[in-house]
Amino acid sequence: MLLLPTGGEPTRLRDALDHAAGQQVSGTILASIYHRRIEAPRSRGLVLLNLETAQTDSPVTTVLPDERSMAALVVDELCSLGHERVGLVTIAPSLEAESRLAGLRAAWEQQGRTDDDLLVHVSPDFAATTAGGLEGALSLLDRPDRPTALACFNDRMAMGAYEAARRLGLRIPEDLTVIGHDNLEPIVESLHPPLTTVAPPHQEMAEKAVELVLAAEAAPETFSLPGDLVRRDSTARPAPQTRTR
């Protein structure tokens, strides 16, 4: 197995693929840390991992996280707990953010809820950070009709939501439910209380990509794999005094 880091730079990517071709590899997995869309290069036995091709005329095998279904997991959990007013702390438009927001809205509508009870705060400049989460959470919580639960774009933004709750004198989960995304154990298990979050299918995606590369004759196809909700202690039913309906 040949590992060739590219840092996401187009020139380094082309050089890496040329080098791999010179080594006569039987297949190539082009992987990204983040779910994004690219112009897929021409390469023998190519499988895209966590990447989508921007070309409509270039069929290629892709392995993706099912962002919409993972967003639906969050909605199902919050609705099952009885939350009727939910806030989303997310980031400026990106493939991940757009897909999750669409999934969240669709699942919310399927639960018979209205857009008026789904409050969205978009952190500018892709600030998927603790500071971005703090800003977003304060904006949503410092209002008379505040949501009883927050869904955060990632676990770092959820850290900011915890700090916002502390500043406003809200207890988690008694006064506020918080759910993150990524299941970054150094973060989720260090928070008090430990954070409920969505675990993307990273290992399953990698295993599927290897399987597809080894089956080099398979026709191009897209595989979207679901994640899991990891329940910890940051979720609860809304307190009676905070219900809005």
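Scroll up to find the structure.
The paragraphs below set out a description of the structure included in this document. From a predicted model like this one, the values you see are computed outputs, not experimental measurements. (Residues numbered from 1 in each chain as written. Predicted model: local features only at pLDDT ≥ 70, side-chain atom pairs only at ≥ 80, totals over all residues. Heavy atoms only, no water.)

## Brief notes about the state of the cysteines
Thought 1: For the structure shown, the criterion picks out zero disulfides.
Thought 2: With no disulfide of its own, C79 lies 17 Å from the sulfur of C152, the closest cysteine sulfur.
Thought 3: Judged by its relative accessible area of 10%, C79 falls in the buried class.
Thought 4: On the basis of relative accessibility, which here comes to 6%, the residue C152 falls in the buried class. (Disulfide = S-S within 2.5 Å. Buried < 20%, exposed > 50% of the residue type's maximum accessible area, 1.4 Å probe, protein only.)

## Comments concerning helix α1 (residues 10-22)
Thought 1: For α1, built from 13 residues, the straight-helix expectation of 18 Å at 1.5 Å per residue is met to within 8% by its first-to-last C-alpha distance of 18 Å.
Thought 2: Looking only at α1, the buried set comprises L13, A16, L17 and A20. For α1, the buried positions fall inside an angular range of 95° around the axis, keeping them on one side. Along α1, exposed side chains directed more than 90 degrees from the buried face belong to D18 and G22. (Helix = DSSP H or I, 4+ residues; strand = E, 2+ residues; numbered from the N terminus. Expected span 1.5 Å × (residues − 1). Arc of directions from axis to C-beta.)

## Points about the pattern of salt bridges
Think of it this way: side chains of opposite charge can pair up when their charged atoms draw near.
Thought 1: Under the defined criterion, the tally for this structure stands at twelve salt bridges.
Thought 2: Residue R85 pairs with D117 through a salt bridge whose shortest N-O separation is 3.0 Å. Placement of the pair is R85 in the loop between α2 (67-81) and β4 (86-91) and D117 in the loop between α3 (95-110) and β5 (118-123), with a sequence separation of 32 residues. Neither residue differs from the other here; R85 and D117 are each classed as buried. (Salt bridge = Lys/Arg side-chain N within 4 Å of Asp/Glu carboxyl O.)

## Overview of unusual backbone geometry
Thought 1: The step from I172 to P173 runs through a cis peptide bond, and the omega angle for that step is 5°.
Thought 2: As for its position among the elements, P173 is in the loop between α5 (155-167) and β7 (177-181).
Thought 3: With an omega of 0°, the peptide bond between H192 and P193 qualifies as cis.
Thought 4: Here N50, not a glycine, exhibits a phi torsion of approximately 70°, which is positive.
Thought 5: Relative to the helices and strands, N50 is located in strand β2 (residues 46-53).
Thought 6: The backbone phi angle of N183 is positive, close to 55°, even though this residue is not glycine.
Thought 7: You can see N183 is positioned in the loop between β7 and α6 (185-188).

## Some thoughts on the sheet that holds strand β3 (residues 61-65)
Thought 1: The strand order across the open sheet formed by four strands is β1-β2-β3-β9, and the pairing between neighbours is parallel. The open sheet terminates on both sides in strands that have one partner only, identified here as β1 (28-38) and β9 (222-225). Geometrically, the sheet is characterised by an average inter-axis angle of 20° between neighbouring strands, direction not taken into account.
Thought 2: Where β1 and β2 come together, seven bridges link them in parallel fashion. The residue bridging R37 from the neighbouring strand is E52, located in β2. (Pairing = 2+ DSSP bridges. Axes fitted to C-alpha atoms, helices over the stretch in contact; angles between N-to-C directions.)

## Examining the packing of aromatic side chains
Thought 1: In the structure shown here, the tally under the stated rule is zero aromatic pairs.
Thought 2: Sitting over the face of the ring of F153, R100 holds its NZ or CZ atom 4.4 Å from the ring centroid. (Phe/Tyr/Trp six-rings, centres within 6.5 Å; stacked < 30°, edge-to-face > 60°. Lys NZ or Arg CZ within 6 Å of the ring centre and 35° of its normal.)

## Details of the packing of helix α4 (residues 130-141) against α5
For any two helices packed against each other, one specifies the crossing angle of their axes together with the interaxial distance.
Thought 1: Where α4 meets α5, the axes come as close as 6 Å, and the angle between the chain directions of the two elements is 45°. Relative to α5, the element α4 is oriented oblique. Considering how the two elements wind past one another, α4 and α5 form a crossing that is right-handed. Where α4 approaches α5, its residues T130, G132, G133, L134, A137, L138 and L141 are matched on the opposing element by R156, M157, M159, G160, A161, E163, A164 and R167.
Thought 2: Partitioned by chemical class, the residues of the contact of α4 with α5 number eight nonpolar, four polar and three charged. (Parallel < 35°, antiparallel > 145°, perpendicular 65-115°, else oblique. Left-handed = near helix turned anticlockwise from the far one by under 90°. Contact = heavy atoms within 4.5 Å. Nonpolar A, V, L, I, M, F, W, Y, C, P; charged D, E, K, R; others polar.)

## What about the environment of T61?
Thought 1: If you trace the backbone, T61 turns up in strand β3.
Thought 2: Residue class for T61 comes out buried when judged on its relative accessible area of 10%.
Thought 3: Among all residues touching T61, those that are not within four sequence positions of it are L46, V47, L48, L212, A219, P220, E221 and F223.

Treat this as a map of the structure, not an account of what it does.
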